[in-house]
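# Report on the structure
Chain by chain, the residues run as shown.
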Amino acid sequence: MSGCPCGLGEYESCCEPLHKGQQAAITAEQLMRSRYSAFARQQIDYIQSTTALGQQQALDIPAIRDWSVSNQWLQLDIVQANEKLDKSHALVEFKAHFHDGKQVQVHHEVSHFVKQAGRWYFLDPTLEQTLTMKQPCICGSGKKLKQCCEQFL
Ligand code: ZN
Ligand code: ZN
């Protein structure tokens with residue numbers, strides 16, 4: 001048994017079942033926690049599979065793996081979570097504390113999440129993708145991008 005990186009309990013009963021695909025996150029906050037734990041546990045496949053469907057192919061997996069491995073993940077603080085921005089979008093503000101080998105760093109971010117077919121996905125605002133407003137949304141909703149996730153990117 002060991003403490004879950006996200007701070008909520010034992011890893012085996014907290015984020016591990018999500019990492020193994022035995023459970024899906026019920027809330028955006030839970031997905032956020034499990035993604036933080038995935039960085040701490042080098043569960044890179046999980047980072048990829050919980051990013052918006054239309055963004056997964058654009059992720060730089062070696063860079064994510066490097067980021068995951070090169071830092072020591074110390075603590076996650078959830079500042080606030082708004083699970084209902086609208087019917088399918090949520091916001092989680094958090095602080096991730098990590099040691100980069102030289103000093104402790106705090107990464108403070110407001111992340112957005114989209115629910116698609118009953119599952120939560122992270123919307124990555126940093127990806128270099130060529131998107132048009134009229135294309136189908138990256139979340140897989142079937143709506144146009146501008147009518148769906150564009151405002152949250
Ligand atoms: Zn956890
Ligand atoms: Zn969308």
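My aim in this report is to walk through the structure given alongside it, one point at a time. (Residues numbered from 1 in each chain as written. Chains lettered and ligands numbered in written order. Predicted model: local features only at pLDDT ≥ 70, side-chain atom pairs only at ≥ 80, totals over all residues. Heavy atoms only, no water.)

### Section: the coordination of the zinc ion (ligand 1)
Donor atoms from the polypeptide that bind the zinc ion (ligand 1) are Cys4 (SG), Cys6 (SG), Cys14 (SG) and Cys15 (SG), placed at 2.2 to 2.3 Å. Bound by four donor atoms, the zinc ion (ligand 1) shows angles of 99 to 116 degrees at the metal and therefore tetrahedral coordination geometry. Summarised as a motif, the one-chain spacing of the donors to the zinc ion (ligand 1) is C-x1-C-x7-C-C. Taking relative accessible area as the criterion, Cys4 reaches 7% and is therefore assigned buried. (Donors = N, O, S within 2.8 Å, 3.2 Å for Na, K, Ca; no water. Tetrahedral: all angles 85-135°; square planar, octahedral: opposite > 155°, others 65-115°. Buried < 20%, exposed > 50% of the residue type's maximum accessible area, 1.4 Å probe, protein only.)

### Some remarks on the packing of aromatic side chains
Counted according to the given criterion, the structure contains six aromatic pairs. Relative to Phe98, the ring of Trp73 lies with its centre 5.3 Å away and its plane at 40 degrees, an arrangement referred to as tilted. Note that Trp73 is positioned in strand E1 (residues 72–82) and Phe98 in strand E2 (residues 89–99), a separation of 25 residues in sequence. The pair Trp73 / Phe98 is uniform in exposure class, with both members buried. On the numbers, 5.7 Å between centres and 55 degrees between planes, the contact of Phe113 with Phe122 is tilted. No difference in accessibility class separates Phe113 from Phe122, as the two residues are buried. Chaining the aromatic ring pairs together yields one cluster made of Tyr36, Phe39, Trp67, Trp73 and Phe98. A cation sits over an aromatic face here: Arg41 above Tyr11, 3.9 Å from the ring centre. (Phe/Tyr/Trp six-rings, centres within 6.5 Å; stacked < 30°, edge-to-face > 60°. Helix = DSSP H or I, 4+ residues; strand = E, 2+ residues; numbered from the N terminus. Lys NZ or Arg CZ within 6 Å of the ring centre and 35° of its normal.)

### Points about the layout of surface pockets
Space inside the largest pocket adds up to approximately 530 Å³. Arg35, Phe39, Trp67, Glu109 and Phe122 are the residues nearest the centre of the largest pocket, which is lined by 23 residues in total. At the level of secondary structure, the elements contributing two or more residues to the lining of the largest pocket comprise helix H2 (28–40), helix H4 (61–70), E2 and strand E3 (104–116). With four residues, H2 is the single largest residue contributor to the lining of the largest pocket. For the lining of the largest pocket, the class distribution of residues is 15 nonpolar, four polar and four charged. (1 Å grid on protein atoms, 1.4 Å probe; cavity = no way out; pocket = protein on both sides within 12 Å on 5 of 7 lines; lining within 4 Å. Points joined across faces, edges and corners; volume = space filled by probe spheres on them. Nonpolar A, V, L, I, M, F, W, Y, C, P; charged D, E, K, R; others polar.)

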